Amino acid sequence: MNITLWIITAILALAFLAAGAMKIAQPKAKLAAAGQGWVEDFSDATVKRIGALEILAALGLILPALFGIATVLVPAAAVGLVLLMAGAAITHGRRHETPNVVINVVLAILAAGVAIARFGPFGF
């Protein structure tokens, strides 16, 4: 089970690291042109903050466990991602972007699984 959790955690970390880096590195207009229409509902600073939160969560999923320091941050980061994905699902739902809502729900379920397992029986 520990290996499965590490695989899921690594997938989540890579996905959120890439998504966060994209939001920080690219201007809002370029994100909107690339199909991320939701950015039009938020200020540029807010989009950058969301990207920063995604990067911090990705790091929080891996680094504490990797170094064995403050490992409680791993499930805490996973909970943060669940909350972030809930907000994303609401935003995409209001915009009638069903495929994005599905992706948000799947990512939230994976993050919730990591949080439950790492807070519970498979903690560090």
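This text follows the structure it describes.
Nothing here was measured: the structure is a model prediction, and the numbers come from that model.

## Brief notes about the pattern of salt bridges
Scanning all chains against the criterion turns up 3 salt bridges. D41 is the partner of R95 in a salt bridge, and the nearest nitrogen-oxygen pair spans 3.2 Å. Pair noted here: R95 is in the loop between α4 (73-94) and α5 (98-119) and D41 is in the loop between α2 (28-33) and α3 (44-67), with a separation of 54 residues, a long-range link. Exposure remark for R95: the relative accessible area of 27% places this residue in the partly exposed category. Taking the relative accessible area as the measure of exposure, D41 reaches 45% and is therefore partly exposed. Of the charged contacts in the structure, one is a salt bridge between E97 and R95, with a shortest N-O distance of 2.9 Å. Bridged by salt links that share partners, the residues D41, R95 and E97 form one connected network.

## Concerning the packing of aromatic side chains
For the structure on display, the rule yields 2 aromatic pairs. Both rings, one in W6 and one in F124, keep their centres 6.3 Å apart while their planes meet at 65°; by these two values the pair is edge-to-face. Taken as a pair, W6 in helix α1 (residues 2-25) and F124 in the segment after α5 lie far apart in primary sequence, 118 residues in all. Arranged with centres 5.8 Å apart and planes meeting at 70°, the rings of W38 and F42 form a pair that is edge-to-face. A relative accessible area of 25% places F42 in the partly exposed class.

## A look at the side chain of E97
Counting through the fold element by element, E97 comes out in the loop between α4 and α5. Polar side-chain contacts of E97 include one of 2.9 Å to the side chain of R95. In contact with E97, not counting residues within four places along its chain, are W38 and H92.

## Examining the packing of α1 against α5
Two measures define how a pair of helices packs: the angle their axes make with one another and the distance between the axes. Where α1 meets α5, the axes come as close as 10 Å, and the angle between the chain directions of the two elements is 135°. When the axes of α1 and α5 are compared, the pair comes out oblique. Relative to α5, α1 is oriented so that their crossing is left-handed. Contacts between α1 and α5 involve N2, L5, W6, I8, T9, L12 and F16 on the former and, on the latter, L107, L110, A111, G113, V114, A117 and R118.

## What to know about α5
In a regular helix each residue adds 1.5 Å, so 22 residues correspond to 32 Å; α5 covers 31 Å between its end C-alpha atoms and thus fits that length. Listing the buried residues of α5 in full gives N104, L107, A108, A111, V114, A115, A117 and R118. Buried residues along α5 sit against α1 and α4.

## Describing α1
If you check α1, its first and last C-alpha atoms are 34 Å apart, about what 24 residues at 1.5 Å a residue would give, namely 34 Å. Among the residues of α1, those classed as buried are L5, T9, L12, A13, F16, G20 and K23. On the buried face of α1, the contacting elements are α2, α3, α4 and α5.

Conventions adopted
- Residues numbered from 1 in each chain as written.
- Predicted model: local features only at pLDDT ≥ 70, side-chain atom pairs only at ≥ 80, totals over all residues.
- Heavy atoms only, no water.
- Salt bridge = Lys/Arg side-chain N within 4 Å of Asp/Glu carboxyl O.
- Helix = DSSP H or I, 4+ residues; strand = E, 2+ residues; numbered from the N terminus.
- Buried < 20%, exposed > 50% of the residue type's maximum accessible area, 1.4 Å probe, protein only.
- Phe/Tyr/Trp six-rings, centres within 6.5 Å; stacked < 30°, edge-to-face > 60°.
- Polar contact = N/O pair within 3.5 Å; in protein donor to acceptor, adjacent residues only side chain to side chain.
- Contact = heavy atoms within 4.5 Å.
- Axes fitted to C-alpha atoms, helices over the stretch in contact; angles between N-to-C directions.
- Parallel < 35°, antiparallel > 145°, perpendicular 65-115°, else oblique.
- Left-handed = near helix turned anticlockwise from the far one by under 90°.
- Expected span 1.5 Å × (residues − 1).

In short, the description is geometric, and any link to function would need to be established separately.
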